[in-house]
Amino acid sequence: MERNLIICFILAILYLMACDSDSHIDNDLSSDQEALIDFKHGLEDPNNRLSSWKGSNYCHWHGITCENDMKVVISIDLHNPYFEDNAYKDWSSMNLSREINQTIIGLVSLKHLEMNFVNLSSIGPQWIEILNKHPFLSELYLTNCSLFGSIPTPRFLNFTSLVVITLSSNNFNSKFPEWLVNVSSLVYVDISYNTLYGRLPLGFGELPNLEYLDLYGNGNIRGSVFQLLWKSWRKIKVLNLGGNNFHGSIPSSIGNLCHLRYLDLSSNHLVGNLPEAIKGPENCSSGRNPLPDLIELHLNNNQLTGNLPNWLDGLKSLVKPDLSNNNLEGPIPSSMAKLQTLDFLTLSGNKLNGSLPNSVGQLSELQTLDVPNWVPPFQVSSLNMASCHVGPAFPAWLQSQKNLGNFDLTNASISSYFPDWFWNITFDLLDLTLSHNQLLGRLPDVLTYSGVLYVNFSYNHLEGHIPLSVFNVGILDLSHNNFSGHIPVTGGKSKSSLTSLTISDNKITGPIPSNIGESMINLYFISPSGNLITGSIPDSIGLLKGLEVIDFSKNNLTGSIPSTIGNCLWRYSNFSGKIPEWIGATFMQLSILSLRSNAFTGGILAQLSNLSSLHVLDLARNCLTGSIPPALGDLKGMVQEQNINHDLSIQQQIEWRFSKIINKLAWFGDSELVKKLHHRLNSRKHFEV
């Protein structure tokens with residue numbers, strides 16, 4: 001009997017404990033949900049990204065992850081989904097507007113918090129103490145969150161599980177947070193692009209799990225590189241200390257970093273010679289070369305001296321070495337050819353001498369080569385390096401070329417100013433193309449070349465005035481830059497050689513010069529579209545007897561179309577009044593007539609039926625009224641057959657005719673009409689133009 005009483009007593013206690021446990025779990029679950037609701041109330045959400053945050057099933061709310069079936073919140077991921085380039089514009093989609101010290105703290109099991117590109121500027125400096133109350137927090141992502149001020153030291157360090165911390169691209173102006181060296185669990189640390197200062201603790205090199213450390217671009221974190229790299233760094237893969245205030249020389253012990261893949265010590269104050277030899281990998285698997293996994297090595301913008309060491313050719317995985325802008329001397333070793341994985345090599349801004357070893361030509365993967373004072377062992381008459389990575393500096397070795405006739409460096413990643421010597425080249429160029437780069441600066445007032453030349457400087461960042469005088473240039477394209485001022489037209493023959501002038505999409509102002517038809521007498525193509533040109537088109541443009549294409553669209557021109565304009569393709573903007581009757585009597589050979597997007601009024605001229613060669617008539621987006629003249633049915637150019645292979649089917653003949661029209665429009669630049677005709681052509685429908 002006594003034994004049964006004892007058993008009943010024990011069962012009663014267990015029952016009470018279970019009830020208390022269930023109550024405790026329910027309380028935890030309730031507190032998690034309440035914490036999330038309070039957290040939401042602290043967020044501005046104009047785009048309603050948190051619309052799912054309602055109801056009791058909070059584990060399925062957007063950005064929330066719970067641990068299995070326990071319904072315990074372990075992850076909040078509310079990073080801004082917009083691409084980085086648009087983040088500033090779209091930050092309003094998720095802004096923190098008030099303190100959250102009583103909300104996040106309630107999520108006692110939180111392991112992952114990601115708020116990248118969310119504006120947290122209103123939180124204040126207590127954020128570190130708030131997060132320090134989460135002993136299970138292992139991943140913290142706060143990149144580009146507008147955090148500012150200092151990174152305070154927690155009163156009691158509770159980050160016992162922290163593995164990842166990213167605080168890059170904020171506005172911290174703070175002493176380096178030395179307390180991080182006491183978080184032995186750290187694997188990934190990124191505090192780049194802030195304004196941290198102070199000494200980097202040597203203890204970072206002894207963190208047992210650290211694989212990634214990025215402190216680039218803080219400017220004033222200091223320390224001895226020699227002392228730092230003597231540490232074990234036993235698991236380090238990425239070490240980026242560039243753009244700071246580190247000093248000293250590079251020790252031979254660097255060879256012991258057997259897992260290192262990326263090393264950036266650029267833009268510091270390193271001095272001395274590179275070590276003649278580096279130690280073998282004492283802590284790595286036996287038989288491996290020093291730095292066996294190193295892919296990128298950035299030592300540029302320091303004060304390193306001496307010769308290039310022989311151990312560089314033993315870095316079998318090396319892809320991108322940058323040793324530019326130091327004081328290195330001596331020849332470039334021919335053994336560099338052993339680095340078969342190289343696709344980038346820059347040694348410019350040093351005092352290297354001798355010639356570039358021929359063995360460098362055996363580097364089949366090499367895409368970028370920038371070496372000082374290189375004189376190529378050849379003379380070429382045609383140089384086409386379009387879409388090759390030649391930049392960022394303008395290639396100085398071009399000075400050695402004496403026979404160049406064709407020169408094309410389109411999209412060559414050049415982002416520098418024109419060197420002074422470039423304007424004094426003496427070879428007889430016929431084709432000079434430098435479009436789609438990031439060239440800077442101004443053009444000289446006078447462009448002079450010795451041959452009849454095609455010059456294309458379009459799609460760059462050039463500024464200033466258009467050259468006052470251009471000699472021996474036939475085709476000049478300066479479009480898509482930042483040129484400003486008026487169109488410079490002077491008397492005499494300063495531009496008489498020009499047959500084509502494209503200055504569209506700049507910032508050119510003022511009127512079209514009244515004597516444009518007198519100083520550019522050989523023009524057949526002119527396009528200043530997409531500028532800020534005002535006034536009317538002068539009558540002197542009728543003196544350009546060879547003019548075939550005029551494009552004055554996307555400006556602020558007013559007035560009427562001069563009757564002196566001859567048989568050419570043309571586009572204007574903002575013209576008003578009735579369509580001039582003389583168009584039907586003057587443009588007898590016209591094949592394309594586009595008066596789209598003006599302010600013409602009145603009816604459609606019946607005289608347009610006289611344009612027997614017309615293939616395309618576009619009068620859209622005007623204020624025309626009345627009916628379509630029946631006489632337009634006599635536009636035989638829209639249906640006539642020209643050199644058509646009669647063996648073709650009817651559908652093929654239609655496609656042939658309209659392909660020809662589309663090619664004309666594409667050359668003229670009417671992308672909207674080209675798109676429309678392409679759609680009809682591809683859909684194989686009946687064409688009505």
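Residues numbered from 1 in each chain as written. Predicted model: local features only at pLDDT ≥ 70, side-chain atom pairs only at ≥ 80, totals over all residues. Heavy atoms only, no water.

> Now, about the packing of aromatic side chains: what can you tell me, with residues and values included?
Inspection of every chain in the model, using the stated rule, returns 17 aromatic pairs. For the pair Trp421 and Phe422, a centre-to-centre distance of 6.3 Å together with 65° between the ring planes defines the contact as edge-to-face. Ring plane angle 80° and centroid distance 5.1 Å describe the contact between Phe422 and Trp423, whose orientation is recorded as edge-to-face. The class for Phe422 is buried, based on a relative accessible area of 2%. Cluster of aromatic residues (ring-pair linked, three or more members): Phe394, Phe418, Trp421, Phe422, Trp423 and Phe457. (Phe/Tyr/Trp six-rings, centres within 6.5 Å; stacked < 30°, edge-to-face > 60°. Buried < 20%, exposed > 50% of the residue type's maximum accessible area, 1.4 Å probe, protein only.)

> Break down the nonpolar core for me, with residues and values.
Among the nonpolar cores identified, the biggest contains 92 residues, and Ile76, Trp127, Leu142 and Leu213 are the most heavily contacted of them. For this core, the secondary structure elements donating two or more residues are helix 1 (2-41), strand 2 (64-66), strand 3 (73-77), helix 3 (127-131) and helix 4 (225-229). Element by element, the count of residues in this core is highest for helix 3, at 4 residues. Leu213 has contacts with Val189, Phe204, Trp233, Ile236, Val238, Leu239, Asn240 and Leu241, leaving out every residue within four places of it along the chain. Core analysis: the second largest hydrophobic core is formed by 48 residues, Phe457, Phe483, Ile533 and Ile541 among them. (Core = buried A, V, L, I, M, F, W, Y, C linked by side-chain atoms within 4.5 Å. Helix = DSSP H or I, 4+ residues; strand = E, 2+ residues; numbered from the N terminus. Contact = heavy atoms within 4.5 Å.)

> Quick one: what's the story with the side chain of Ser75, residue by residue and with numbers?
Structurally, Ser75 can be placed in strand 3. Its relative accessible area of 12% is what places Ser75 among the buried residues.

> Describe in detail the sheet that holds strand 7 (residues 148-149), supporting the description with residues and values.
Spatially, the 9 strands line up as an open sheet ordered 7-9-11-13-15-17-19-21-23, and their pairing is parallel. What marks the edges here is a single partner per strand, and that holds for strand 7 and strand 23 (351-352). The pairing of strand 21 (residues 327-330) with strand 23 spans 2 bridges and is classified as parallel. Its bridge partner lying in strand 23, Gly330 is registered against Leu352. (Pairing = 2+ DSSP bridges.)

> Any details on the pattern of salt bridges? Residues and values, ideally.
Inspection of every chain in the model, using the stated rule, returns 4 salt bridges. Residue Glu211 is joined to Lys237 by a salt bridge in which the shortest nitrogen-to-oxygen separation is 3.8 Å. Separated by 26 residues along the polypeptide, Glu211 in the loop between strand 11 (195-199) and strand 12 (212-214) and Lys237 in the loop between helix 4 and strand 14 (238-240) bring together distant segments of the chain. Owing to a relative accessible area of 28%, Lys237 belongs among the partly exposed residues under this scheme. Asp343 is paired through a salt bridge with Lys320; the nearest N and O atoms lie 3.3 Å apart. Note that Asp343 is positioned in the loop between strand 21 and strand 22 (344-346) and Lys320 in strand 20 (residues 320-322), a separation of 23 residues in sequence. (Salt bridge = Lys/Arg side-chain N within 4 Å of Asp/Glu carboxyl O.)

> Provide a residue-level description of unusual backbone geometry, including the pertinent values.
Phi is positive for Phe117, which is not a glycine, with a value near 60°. Position of Phe117 among the secondary structure elements: in the loop between strand 5 (112-114) and helix 3.

> I'd like to hear about the pairing of strand 9 (residues 171-175), residue by residue, with values.
Inspection of the sheet shows strand 7 paired to strand 9 by 2 bridges, in the parallel sense. Residue pairing for strand 9: Phe148 is matched across the bridge by Asn171. Note that strand 9 and strand 11 share 3 bridges and pair parallel. Following the sheet pairing, Ser174 is matched in strand 11 by Leu196.

> Report on the state of the cysteines, specifying residues and quantitative values.
Summed over the entire model, instances satisfying the criterion amount to 1 disulfide. Sulfur-sulfur distance for the disulfide between Cys59 and Cys66 comes to 2.0 Å. Its torsion about the S-S bond being -90°, the disulfide of Cys59 and Cys66 is classed as left-handed. Judged by its relative accessible area of 17%, Cys59 is buried. (Disulfide = S-S within 2.5 Å.)

> Now, about the sheet that holds strand 33 (residues 507-511): what can you tell me, with residues and values included?
The strand order 29-31-33-35-37 describes an open sheet built from 5 strands, whose pairing is parallel. The open sheet has two edge strands, strand 29 (463-464) and strand 37 (556-557), and neither has a second partner. The pairing of strand 33 with strand 35 (residues 532-535) spans 3 bridges and is classified as parallel. When the sheet's bridge partners are listed, Gly510 is paired in strand 35 with Ile533.

> Before we move on, can you summarise the environment of Pro419 with the specific residues and values?
Turning to its location among the elements, Pro419 is positioned in the loop between strand 26 (406-408) and strand 27 (431-433). Residue class for Pro419 comes out buried when judged on its relative accessible area of 18%. Considered as a pair, Pro419 and Ala393 are 26 residues apart in the sequence and their alpha carbons are 9.6 Å apart.

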